[in-house]
Amino acid sequence: MAKGIRVLAHAARETRALGQRLAAHLRHGDVLLLTGGMGAGKSEFARGLARALGLEGSIPSPTFTLLNLYQDGALPFKHFDWYRIEDPEELYAAGLDEQVGGEGITAIEWHERAPELVPEDCLEVRLSPLDGDTREVAFLPHGGFRPLPWPDITEEHA
């Protein structure tokens, strides 16, 4: 794993803004692992990604559906939430393994539940709550995930 970048977000809107700024540098096939406990800001970050991709309306967490697929934006956006799966075989049985990567951007919450479905080349976005509404957001590239222009993405939140 390459060395990552860490910044602070002091409110939910700043967490969404980081997602928006990152989205401008993403391309087809990119997989993002949204890591953090309940209430860490994973869904807020995903909402920022969705807005930057041109999606409007409600962007709910796919906690009960496992996948929300959006095709109306600049790129397709696949937002997974694997919190409720008990066995990765559930994802294979539903054919959801085929949705990871490929066309568009994939964001996966609770990826730890099915690590065998996570591609080697991905970007982990680790959200860690601190005091109040402040959270540390770490961007951790894995495998051969390409370098990104971090100052362009994080400068407003340094």
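For clarity, every value in this text was computed on a predicted model and none was experimentally measured.

**Regarding the sheet that holds strand E2 (residues 31–35)**
No. 1: Strand order across the open sheet formed by 7 strands is E1-E7-E6-E2-E5-E4-E3, with mixed pairing between neighbours. Among the strands making up the open sheet, the edge pair consists of strand E1 (5–9) and strand E3 (67–70). Strand-to-strand twist across the sheet, computed as the mean angle between neighbouring axes with direction ignored, equals 15°.
No. 2: Sheet analysis places strand E6 (residues 122–129) next to strand E7 (residues 135–142), joined by 8 bridges and oriented antiparallel. Across the sheet, the residue bridging to Leu123 is Pro141, located in E7.
No. 3: Contacts from helix H1 (residues 12–23) reach E1, E2, E6 and E7, with the element oriented near 140° to E1.

**Concerning the confidence of the model for the protein**
No. 1: Mean pLDDT for the protein: 91, with 96% of residues reaching 70 or above.
No. 2: The least confident element of the protein is helix H4 (residues 150–154), whose mean pLDDT is 79; the most confident is E2, at 97.

**Some words on H1**
No. 1: Look at H1: 17 Å from first C-alpha to last across 12 residues, which is about the 16 Å you get at 1.5 Å a residue.
No. 2: When we look at burial in H1, the residues that qualify are Glu14, Thr15, Ala17, Leu18, Gly19, Leu22 and Ala23.
No. 3: Against the buried residues of H1 lie E1, E2, helix H2 (42–52), E6, E7 and H4.

What counts, and where the lines are drawn
- Residues numbered from 1 in each chain as written.
- Predicted model: local features only at pLDDT ≥ 70, side-chain atom pairs only at ≥ 80, totals over all residues.
- Heavy atoms only, no water.
- Pairing = 2+ DSSP bridges.
- Helix = DSSP H or I, 4+ residues; strand = E, 2+ residues; numbered from the N terminus.
- Axes fitted to C-alpha atoms, helices over the stretch in contact; angles between N-to-C directions.
- Contact = heavy atoms within 4.5 Å.
- pLDDT = per-residue confidence, 0-100.
- Expected span 1.5 Å × (residues − 1).
- Buried < 20%, exposed > 50% of the residue type's maximum accessible area, 1.4 Å probe, protein only.

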